[in-house]
Amino acid sequence: MTQPDDSPRFLPPEAEAEVSGGQVSPVLVAKVAAHIWAARKAYLARLPVAEIVEILDRAIGLWLEAGSPWLDAASRRIAAATPYSEAMVRLGITRLLEGCRKDALLALLVTELGDPAVLDTFRPRPGTRGSHRALGSAVTTHIFSGNVPGLPAISLIHGLLVKSACLGKPASEEPVFPALFARSLAAVDPKLAASVAILPWAGGDIAVEAAAFAASEVVIAYGSDAAIESIRARVPPGVRFVGHGHRLSLAVIGRETLAYDSVESLAERLAYDVSLFDQQGCVSPHVVYVERGGTIAPQEFAESLAQAMAAFERDMPRGRLSVEETSAIQQARTEAELRELREEPVRLFASPGRTAWTVIYEDDPAFVPSCLNRVVRVKPLVDLAELPNLLRPVSRHLQTVGTALSRERRDRLADALAPLGVCRVCPIGEMPHPPLYWHHDGGFNLLPLLKWTAIEDPAEG
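Scope of this entry: the structure provided in the associated data block. Note that the coordinates shown come from a computational prediction; the quantities given were computed from them, not determined experimentally.

Along the polypeptide, Leu372 turns up in the loop between β11 (358-362) and β12 (375-381). Remark: the alpha-carbon pair of Leu372 and Gly114, spanning 258 residues in sequence, is separated by 39 Å. Aside from chain neighbours lying at most four places away, what touches Leu372 is Asp278, Gln279, Gln280, His286 and Ile329.

The next thing to look at is the sheet that holds β11. A sheet is described by the order of its strands in space; here seven strands give the open sequence β10-β11-β12-β9-β8-β13-β14, paired in mixed fashion. Two strands close off the open sheet at either side, each with one partner strand: β10 (346-350) and β14 (424-427). With direction set aside, neighbouring strand axes in the sheet form an average angle of 20°. Of the pairings in the sheet, the one linking strand β9 (residues 285-291) to β12 comprises five bridges and is parallel in character. Across the sheet, residue Val290 finds its bridge partner in β12, namely Pro380. Along the sheet face, helix α13 (residues 298-315) touches β8 (248-253), β9, β10, β11 and β12 and points at about 175° away from the line of β11.

Moving on, we get to the layout of surface pockets. Considering only enclosed or pocket space, the second largest pocket measures out at about 170 Å³ in volume. For the second largest pocket, the full set of lining residues is Glu264, Ala267, Glu268, Ala271, Tyr272, Ser304, Gln307, Ala308, Ala311 and Phe312. Counting only elements with at least two residues in the lining of the second largest pocket, the list comes to α12 (263-275) and α13. Per-class residue counts for the lining of the second largest pocket are six nonpolar, two polar and two charged.

Before going further, it helps to examine helix α7 (residues 152-161). Most of α7 sits out of view: 10 of its 10 residues are buried. What α7 keeps buried is the set Pro152, Ala153, Ile154, Ser155, Leu156, Ile157, His158, Gly159, Leu160 and Leu161. Where α7 terminates, the next one or two residues include Lys163, which has phi positive at roughly 65°.

Next up on the list: unusual backbone geometry. Residues other than glycine seldom take positive phi values, yet Gln279 does so here, at roughly 70°. Among the secondary structure elements, Gln279 is positioned in the loop between α12 and β9.

The rules behind each value
- Residues numbered from 1 in each chain as written.
- Predicted model: local features only at pLDDT ≥ 70, side-chain atom pairs only at ≥ 80, totals over all residues.
- Heavy atoms only, no water.
- Helix = DSSP H or I, 4+ residues; strand = E, 2+ residues; numbered from the N terminus.
- Contact = heavy atoms within 4.5 Å.
- Pairing = 2+ DSSP bridges.
- Axes fitted to C-alpha atoms, helices over the stretch in contact; angles between N-to-C directions.
- 1 Å grid on protein atoms, 1.4 Å probe; cavity = no way out; pocket = protein on both sides within 12 Å on 5 of 7 lines; lining within 4 Å.
- Points joined across faces, edges and corners; volume = space filled by probe spheres on them.
- Nonpolar A, V, L, I, M, F, W, Y, C, P; charged D, E, K, R; others polar.
- Buried < 20%, exposed > 50% of the residue type's maximum accessible area, 1.4 Å probe, protein only.

Remember, this is a structural readout, not a statement about activity or role.
Right, dumping it as structure tokens:
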């Protein structure tokens, strides 16, 4: 078995031989793009999509087998490069890749395309006259973010499923995983992996990125709103741009689920959602809305959540913080303490002596984005009908809503929140792990990477 190495760069062997040791420059990027384009044309573009699914599944299996050197290497190296512990990295990557096995890949293809074989040949489409074929981008540039290790695998999977060569730029905050994942592909099928290149360069290097964008048909970027807009402005006409920027998520608990025999389990699931990767993911909840009128009062639930977050911290300690991050938590705590002293309806639950976790209960229902790193606010509601107005000020950033509600009330809430931009409603305890076929930021995952051609049959009669 191929053993992982330490380089944050992964290039096809032919490209590596040509540019080995060279600094990243517009010329180097153009050469690498040409190599992966040629490899895609010679092999990947000719592979049936069913075979691509099998190859991806086998590569992911390398990460999930007992004693996997890939998972061991990623856990160790990412923990050294980021604030996260090895245990946190291992848990997060394992859960992410478990959701990318063969059945999930096929479900994604069927959900978005109906008939995955449209990626191989012309196929009839229901309700149309004739046949259709979908063609993926010849080259797609992926600019990754570093907030949640493992996520670059999803973007690369999307590109490879549609037979696109992939040029990836790892985040400076987490440069390890993309090249490791590419090497695991090479361990299963070197010819497919020859269509992938992972090339670190300084973010915002205008000349280098101009070369990458000019060689691409699609550019996908993940990051802050400012980073997304900067990249969008530099993508040339005729190149499709897909940007995923800053997003906010929340949790909602209905009165019917607040019972003494279930509150501990509910608090544990929510503590997991808040704490995994220290709340850095777009799917991590910032605020928890708890409806009044249940057996458990909202403030009591806040105390249960604090106990559950303390337990999670014992098993999975929060990562290292910068001075600025620590200061932001201390400021949030101090503000809550002062409000408590003024006898406002506020209660602070916090890890003693450390900033490991913080739960702030407050009656004010306004949505307040968290400073992250396991700081969450619990707010009571008289009725769920209040939520749309409360969320409207942040609607352009809304993403996931985790719920503990009856099915009927969940569906009504989803109807009310969908117009505000909420693209995912899921059970509490599953917020960090959207399925592969989810509507990321309200759109599709494969369709933006495709162009379509149709053959029209003559009209009958």
